[in-house]
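Letter by letter, the chains look like this.
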Amino acid sequence: MKKFQLVTMVFVLVSAATGWAGTEGVETALSSNPVYRKDCAKCHGKTATGRHFGGPALVSEKTVKSSQEDLRSMIANGKGRMPKFQEKLTPAQIDELVQQIVAVNKK
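This one's a predicted model, so the numbers in the text were calculated from it and none came from an experiment. (Residues numbered from 1 in each chain as written. Predicted model: local features only at pLDDT ≥ 70, side-chain atom pairs only at ≥ 80, totals over all residues. Heavy atoms only, no water.)

Caption draft 1: Inspection of the nonpolar core at higher detail. Ranked by size, the top nonpolar core spans 18 residues in total, and within it Leu30, Tyr36, Ile75, Leu89 and Leu97 carry the most contacts. The set of elements that each furnish at least two residues to this core consists of helix H3 (34-44), helix H5 (68-77) and helix H6 (91-106). In terms of residue count, the dominant contributor to this core is H6 (6 residues). (Core = buried A, V, L, I, M, F, W, Y, C linked by side-chain atoms within 4.5 Å. Buried < 20%, exposed > 50% of the residue type's maximum accessible area, 1.4 Å probe, protein only. Helix = DSSP H or I, 4+ residues; strand = E, 2+ residues; numbered from the N terminus.)

Have a look at this one:
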């Protein structure tokens with residue numbers, strides 16, 4: 001039993017140090033956005049951490065490496081299994097999502 005407790009404690013410490021365990025609250029602006037909740041959360045998850053068999057995490061190294069124009073294009077025009085939203089969302093709504101995705105990844 002002591003080995004299990006040690007492994008658990010190490011996991012908690014590593015998670016806390018890397019920020020992995022504390023993603024709640026970090027995505028507040030994005031996850032509270034009504035457009036995100038309605039159109040994005042069903043695939044990317046309520047906290048933008050992705051969903052198994054769904055969309056990838058929006059809080060990730062890959063997203064950090066994407067330019068704002070790339071993010072805007074993916075939302076507007078779709079990519080892979082992601083549908084395009086340029087006819088469903090206004091340019092202002094798309095820009096707001098891009099800004100919030102970028103902000104979430106800076107934390």
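Caption draft 2: Structural view of the layout of surface pockets. Considered as a void within the structure, the largest pocket measures approximately 680 Å³ in volume. Lining the largest pocket are 28 residues, with His44, Pro56, Leu58, Met74 and Met82 sitting closest to its centre. Elements with a minimum of two residues in the lining of the largest pocket: H3, helix H4 (61-65), H5 and H6. If one sorts the elements of the lining of the largest pocket by residue count, H3 sits on top with 6 residues. For the lining of the largest pocket, a count of residues per class yields 17 nonpolar, 6 polar and 5 charged. (1 Å grid on protein atoms, 1.4 Å probe; cavity = no way out; pocket = protein on both sides within 12 Å on 5 of 7 lines; lining within 4 Å. Points joined across faces, edges and corners; volume = space filled by probe spheres on them. Nonpolar A, V, L, I, M, F, W, Y, C, P; charged D, E, K, R; others polar.)

Caption draft 3: Geometry of the pattern of salt bridges. This structure, assessed with the given rule, holds 4 salt bridges. Asp39 is the salt-bridge partner of Lys88, the closest N and O atoms lying 3.0 Å from each other. Note that Lys88 is positioned in the loop between H5 and H6 and Asp39 in helix H3, a separation of 49 residues in sequence. Residue classification places Asp39 among the buried positions, given a relative accessible area of 7%. Among the salt bridges present, the one from Arg72 reaches Glu69, with a minimum N-O distance of 3.1 Å. With a gap of 3 residues between them, Arg72 and Glu69 both fall in helix H5, about one helical turn apart. Classification of Arg72 by relative accessible area gives partly exposed; the value is 22%. Connected via shared salt-bridge partners are Lys38, Asp39 and Lys88. (Salt bridge = Lys/Arg side-chain N within 4 Å of Asp/Glu carboxyl O.)

Caption draft 4: Seen up close, unusual backbone geometry. The backbone of Ala48 sits at a positive phi, close to 65°, despite the residue not being glycine. Residue classification places Ala48 among the buried residues on the basis of a relative accessible area of 1%. Positive phi outside glycine occurs at Phe53, with the angle close to 65°. Structurally, Phe53 is set in the loop between H3 and H4.

Caption draft 5: Spatial organisation of the environment of Cys43. Structurally, Cys43 is set in helix H3. Cys43 sits 14 residues away from Ala57 along the chain, and the two C-alpha atoms are 9.3 Å apart.

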